[in-house]
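Commentary on secondary and tertiary structure
Single-letter residue listing:
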Amino acid sequence: MKTQVAIIGGGPSGLLLSQLLHTRGIESIVLERKTKDYVLSRIRAGVLEQGLVRLLEEAGCAERLHAEGYVHDGTLVSYGDEMFRVDFTEHTGTPVIVYGQTEVTRDLYAAREAAGGIIEYEVEDVVINNADSDAPYITYTVGGEPRRVDCDFVAGCDGFHGISRQTIPLDVRREYEKVYPFGWLGILSETPPVNHELIYANSTRGFALCSMRNENLSRYYIQCSLSDKPEDWTDEAFWQELKRRIPADQAAKLVTGPSIEKSIAPLRSFVTEPMRYGNLFLCGDAAHIVPPTGAKGLNTAASDVHYLYNGLRAFYETGSREGIDSYSEKALKRVWKAERFSWWFSSLMHRYPHQSEFDLKMQIADLEFLRSNKAAQQAMAENYVGLPY
Ligand SMILES: Cc1cc2nc3c(=O)[nH]c(=O)nc-3n(C[C@H](O)[C@H](O)[C@H](O)COP(=O)(O)OP(=O)(O)OC[C@H]3O[C@@H](n4cnc5c(N)ncnc54)[C@H](O)[C@@H]3O)c2cc1C
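Residues numbered from 1 in each chain as written. Predicted model: local features only at pLDDT ≥ 70, side-chain atom pairs only at ≥ 80, totals over all residues. Heavy atoms only, no water.

Before going further, it helps to examine the layout of surface pockets. For the second largest pocket, the calculated volume is near 250 Å³. Lining the second largest pocket are 17 residues, and of these Gly100, Glu103, Arg213, Asn214 and Leu217 sit closest to its centre. Within the residue set of the lining of the second largest pocket, elements represented by two or more residues are helix 4 (63-68), helix 6 (101-114) and strand 15 (208-214). Residue composition of the lining of the second largest pocket, grouped by class: seven nonpolar, four polar and six charged. (1 Å grid on protein atoms, 1.4 Å probe; cavity = no way out; pocket = protein on both sides within 12 Å on 5 of 7 lines; lining within 4 Å. Points joined across faces, edges and corners; volume = space filled by probe spheres on them. Helix = DSSP H or I, 4+ residues; strand = E, 2+ residues; numbered from the N terminus. Nonpolar A, V, L, I, M, F, W, Y, C, P; charged D, E, K, R; others polar.)

Shown next as structure tokens:
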């Protein structure tokens, strides 16, 4: 097969890039390691910045998002029984939209299928060949059968565990990483959310997040030990622990029920530089990871897609290479700001092993400053709703 852009990975980054390119008549083929059902079974992000919403509109995939998504004008932050609100709309004029990553991906799959886009599922042994030449090609197998795609450009959208990043030679690639000494135990339950806005809770027992997908679907997280397993936690134990970590008035109105999904995610900050090697461009989790505190993962993947899509579009429409040549630099500038925000918010809200009394006092002082200072709230709001592309 031959195409203009070969996209490795059929997660949100790969599908969004493919659909945006399609709106400009640029061909692509998406290669996905798993089945569509598997990709749609992953419960992940749920908070969308306006930048991602605009890209989905441009891709013609925002109808259901606007009909079913929830506009959140602010968020709640608690420590002990104290709780305050950071108003996004007051400080930035912009809300965020709560709409699950699963639904974003479902809408993108539907759009690709309606347009007759090629997505190859269950691909194995994917190798990017001649990435640093003008004639890269991908080899892979499906059901043991060897296949090949020739292309102009390769978009590596295959997530943190994909092969695209590994294709960049070690003497070119530089990696920066921080692994946090805890994870997030998350459950999904068919219960009404405890609050219509998210609650980020710092408690003496560790962090908790009360989040939601819709009026009868809640997503809750508690900070847990990295050695914990989801099966160690009964639903009852989870609910009891969550109640201890959020303000008493919220705990009193928490509606509990059986979990329909339970999983543990480790927390990591990670960036690889550069995000381009020849005609291979890394996009999304393939190039960077943030801890989920502050909901920047999917949104930062979207800003990469924005820069890459516009670079490729300019190349095919005008012959200009400026956008693709500056892709890595532009994308990384925004990536590092999102990394900073996620790292700061994670540091503020979690309990760390061996945290000193001084460190704990600093966290509380930081929270009290945020509670009482409009400029601090504005800085948080600007980062939370998404810095401009
Ligand atoms: C528990 C959790 C909560 C999160 N919450 C938020 C949030 O609230 N807000 C937010 O913005 N972000 C959040 N994130 C992060 C967000 O989910 C990711 O940033 C997002 O999925 C990145 O999309 P992606 O397409 O770049 O990568 P992925 O979603 O990882 O997609 C990569 C795709 O590539 C495929 N693949 C891998 N290797 C290969 C290969 N060799 N060949 C072909 N295909 C391959 C994979 O199967 C996958 O489908 C969360 C993540 C987790 C785990």
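On to the site of the ligand, then. Taken together, the neighbourhood of the ligand is formed by 31 residues, with Ser13, Glu32, Arg42, Gln101 and Leu298 sitting nearest. Between the ligand and Gly297 there is a distance of 3.2 Å, counted from an oxygen atom to a backbone nitrogen or oxygen. Burial of the ligand by the protein chains amounts to 89% of its free accessible area of 1,000 Å². For the shell around the ligand, the secondary-structure elements that each account for two or more residues are helix 1 (12-23), strand 9 (123-129) and helix 10 (297-318). Among the elements that line the shell around the ligand, the one with the most residues is helix 10, at three residues. (Near = heavy atom within 4 Å. Polar contact = N/O pair within 3.5 Å; in protein donor to acceptor, adjacent residues only side chain to side chain. Areas by Shrake-Rupley, 256 points an atom, 1.4 Å probe, with all protein chains shown as cover.)

Our focus in this paragraph is the pattern of salt bridges. Under the counting rule described, the total for this entry stands at 26 salt bridges. For Arg85, the salt bridge goes to Glu197, with nearest N and O atoms at 2.7 Å. Of this pair, Arg85 sits in strand 6 (residues 82-87) while Glu197 sits in the loop between strand 13 (174-189) and strand 14 (199-202), and the two are 112 residues apart along the sequence. Residue Arg85 is classed as partly exposed on the basis of its relative accessible area of 34%. With its nearest N and O atoms 2.8 Å apart, the salt bridge here joins Arg173 to Glu175. Salt bridges sharing partners connect three or more residues here, namely Arg64, Glu68, Glu103, Arg106 and Asp107. (Salt bridge = Lys/Arg side-chain N within 4 Å of Asp/Glu carboxyl O. Buried < 20%, exposed > 50% of the residue type's maximum accessible area, 1.4 Å probe, protein only.)

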